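# Summary of the model geometry
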Amino acid sequence: MNFADFYRQSIDDPQTFWANEARLIDWHKPFDQAMDYSRPPFTKWFVGGETNLCHNAVDRWVATRGDEPALIMVSTETDTEKVYSFRELQAEVMRMAAIMRSLGVTRGDRVLIYMPMIAEAAFAMLACARIGAIHSVVFGGFASNSLATRIDDAKPKLVISADAGSRGGKSVAYKPLLDQAIDIAQHKPAHVILVDRGLMPMERKAGRDIDYAAARERYLHADVPVTWLESNEMSYVLYTSGTTGKPKGVQRDVGGYAVALASSMRHIFCGKVGETYFSTSDIGWVVGHSYIVYGPLIAGMATIMYEGLPIRPDAGIWWRLVEKYKVTRMFSAPTAVRVLKKQPPEFMRKYDLSSLKALYLAGEPLDETTSEWIASALGVPVIDNYWQTETGWPILSVAKGVEDTPTRLGSPGMPMHGYKVKILNESTGAVCSANEKGVVVIEGPLPPGCMQTVYGDDARFVNTYWSNFASEQVYSTFDWGIRDQDGYYFILGRTDDVINVAGHRLGTREIEESISSHPNVSEVAVVGIEDKLKGQVAVAFAIPKNAEAIATTEGRLALEGEVMAVVDKSLGSVARPARVYFVTLLPKTRSGKLLRRSIQAICEGRDPGDLTTIEDPASLEQIRGVVKG
Ligand code: AMP
């Protein structure tokens, strides 16, 4: 079938289209209705059907592929490599599920997972899915304040964590940050399961903290059956940054997500049962949820979970894994490729990469140079794909599993099945003509797999995402884009205050709030500035309360270091600004709104735009001055 027809069917008759796609997974009880869009913009998928993500990812394959590899755990940080077959993975998941049940965790309870890239993190996610508990994975690079906000929103009964992560051979403590977060949070989880990797000493809180290894011993032979869930029950909450300082809990269902993953694994990622998939992301991000843990396993593939850097012990590490495990489909981010591009090309040539069929890149704009370089180095198609935490799977790409549609340099492709994408003029709401810049929006109903709502806050879901245009109710991606005359889309950056550092999504407001907590900062603006390697980096402009502190270069550097340390401590090093500049004035409108886009433009050497509403033009001169200096 050609893709145009396939896509048309998904839009013209979503009920039939998605009922067909739903056959890609196992159902315990068939659904009554594929789609219910009687209460827009909320969509229900596969109403009345009963299924389970863990069953589809693990148990389903045990019967036919029990001894075949399922989870391949590789850590170049601890020099460990272990392959779990589907049967072994099922046993580990049941052990974890049994421990969770012994602590009173049941269907609908939240479990917060704050873990490095270790196999136990995947066991924990799958164990939650198995018993109908709702997981909320928090990226290990986040620190206590970020963690506390999420604990208070998700109100987990249980937290699963570890002593430490490791980066570049150095241990990174997790447990003290977790303890601090629980101290700060209003909500107190009843229990904490701790995986002791032997990397760092841990203090245990009696009655609350449980040693995973000891508990696992008690449940070695656990047999925990799958809990069948109605398709629209919640599978997980994953927090992501937005315009306000308070992260949003992206809430996902069970059945719609399972079908969307199975469907995307087949049509976009062309995954085949028995092959190996390697995504270099982290379980703390949506790519880790969709395409490290659930997607590949649902497709009957082995999935590689990798803890370590792409260039350690040397820049050949990923390619060694591709050769060893005969990886057919690999998923990474442009920043990682730019890092590898700086390394000698021999590392890639040393290995037999003939198993590899395609490299998928997402998370941030893919520049043409990077794309061309990696495509010629690997000799396989490089497939850009554009999506968000909110959607759970690609919005734009090319579906090579349906038709061999050509890719176009600089474009992530065209709308995938189920997505009614349009570009609207920001102020009039009119549909943009070809090559005219506007806001990328999606008409409802959103396809299966997309967020159900903002966890615990339907009003925020509607107000944030669906209320940006007076003319019609559409879902806003908060990205600028254009569509060319042939239907290829191009993404041109965010319309809101979200920045993208090395594919990691960060809210500038959160960073500003953190910096403002420094006793010598009265006001601050954080913007994302173009960076050759990471795409963007965060840069802060702060007004010190006591200007004397920055009278000397030493004083300025000391305060800059202190501000960075505050961010490290509260949000985590992932959010640390690359530079903190000090000024006495910030560019604002007369009504007091920060002119972040003008600051950003000046830093990037562009025109600051319309300044008719600026309070004091001297503020921009200061920005220019400090950045040049
Ligand atoms: P996240 O929710 O962390 O996955 O971040 C989603 C945001 O990353 C999108 O709204 C875009 O701004 C950006 N993004 C993701 N994938 C791409 C891509 N392929 N090209 C350009 N921008 C992307």
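Residues numbered from 1 in each chain as written. Predicted model: local features only at pLDDT ≥ 70, side-chain atom pairs only at ≥ 80, totals over all residues. Heavy atoms only, no water.

### Quick word on the pattern of salt bridges
Quick reminder of the rule: Here, a salt bridge means any Lys or Arg side-chain nitrogen found within 4 Å of an Asp or Glu carboxyl oxygen. Only protein chains enter the accessibility calculation, which uses a 1.4 Å probe. A residue is then buried if its area is under 20% of the maximum for its type, exposed if over 50%, and partly exposed in between.
In this structure the tally under the stated criterion is 38 salt bridges. Put simply, E68 and R65 hold a salt bridge, and the shortest N to O gap is 4.0 Å. On the basis of relative accessibility, which here comes to 36%, the residue E68 falls in the partly exposed class. Here R65 falls in the buried class, since its relative accessible area comes to 17%. With a closest N to O distance of 3.3 Å, R204 and D196 form a salt bridge. Among the residues examined, D196 registers a relative accessible area of 40% and is labelled partly exposed. Residues joined by salt bridges that share partners form a network here, namely K175, D179, R208 and D209.

### With respect to the environment of V539
For clarity, the threshold we go by: Numbering goes from the N terminus for both helices and strands, where a helix is a DSSP run of H or I of at least four residues and a strand is a run of E of at least two. Working rule for contacts: check all heavy atoms of both residues, and any pair within 4.5 Å makes them a contact.
In this structure, V539 sits in strand β31 (residues 535-544). For V539, a relative accessible area of 7% puts it in the buried group. Put simply, V539 and V286 are 253 residues apart on the chain and 25 Å apart in space, counted from C-alpha to C-alpha. Filtering out sequence-adjacent residues up to four positions away, V539 remains in contact with A525, V526, V527, I529, P577, R579 and Y581.

### Here's the deal with unusual backbone geometry
Cis peptide bonds are those with omega within 30 degrees of zero, and the linkage from P40 to P41 qualifies with 5°. Note that the residue after R312, namely P313, is joined by a cis bond; omega there is 5°. Note on placement: P313 falls in the loop between β17 (302-307) and α11 (317-325). The phi dihedral of K326 falls on the positive side, at around 50°, and the residue is not glycine. Note that K326 resides in the loop between α11 and β18 (327-332). What makes K326 exposed here is its relative accessible area of 56%.

### Quick word on the sheet that holds strand β4 (residues 69-75)
Test applied: Being paired, for any two strands, means DSSP has found at least two bridges between them. Axes, fitted as lines to C-alpha atoms, cover a helix only where it is in contact. Angles between the N-to-C directions of the axes lie from 0 to 180 degrees.
Within the open sheet, the seven strands sit side by side as β5-β4-β17-β16-β18-β19-β20. Their pairing is mixed. Among the strands making up the open sheet, the edge pair consists of β5 (80-85) and β20 (382-385). When the angles between neighbouring strand axes are averaged without regard to direction, this sheet yields 20°. Inspection of the sheet shows strand β16 (residues 276-279) paired to β18 by four bridges, in the parallel sense. In the sheet register, Y277 faces β18, and the bridge partner there is R329.

### A short note on the side chain of Q90
Along the chain, Q90 falls in helix α4 (residues 86-102). Q90 gets classed as buried once you look at its relative accessible area, which sits at 15%.

### Side note on the packing of helix α3 (residues 53-65) against helix α5 (residues 119-131)
In plain terms, the rule: Two helices crossing with the near one rotated counterclockwise from the far one by less than a right angle form a left-handed crossing, whereas a clockwise rotation gives a right-handed crossing. In the scheme used here, Gly and all other residues not listed as nonpolar or charged are polar, with Ala, Val, Leu, Ile, Met, Phe, Trp, Tyr, Cys and Pro taken as nonpolar and Asp, Glu, Lys and Arg as charged.
Axis separation between α3 and α5 bottoms out at 7 Å; the angle between their running directions is 115°. Along this stretch, α3 crosses α5, giving a crossing that reads as left-handed. Taken together, the residues of α5 that come into contact with α3 (itself represented by L53, C54, A57, V58 and D59) are L126, A129 and R130. Of the residues belonging to the contact of α3 with α5, the class tally is six nonpolar, no polar and two charged.

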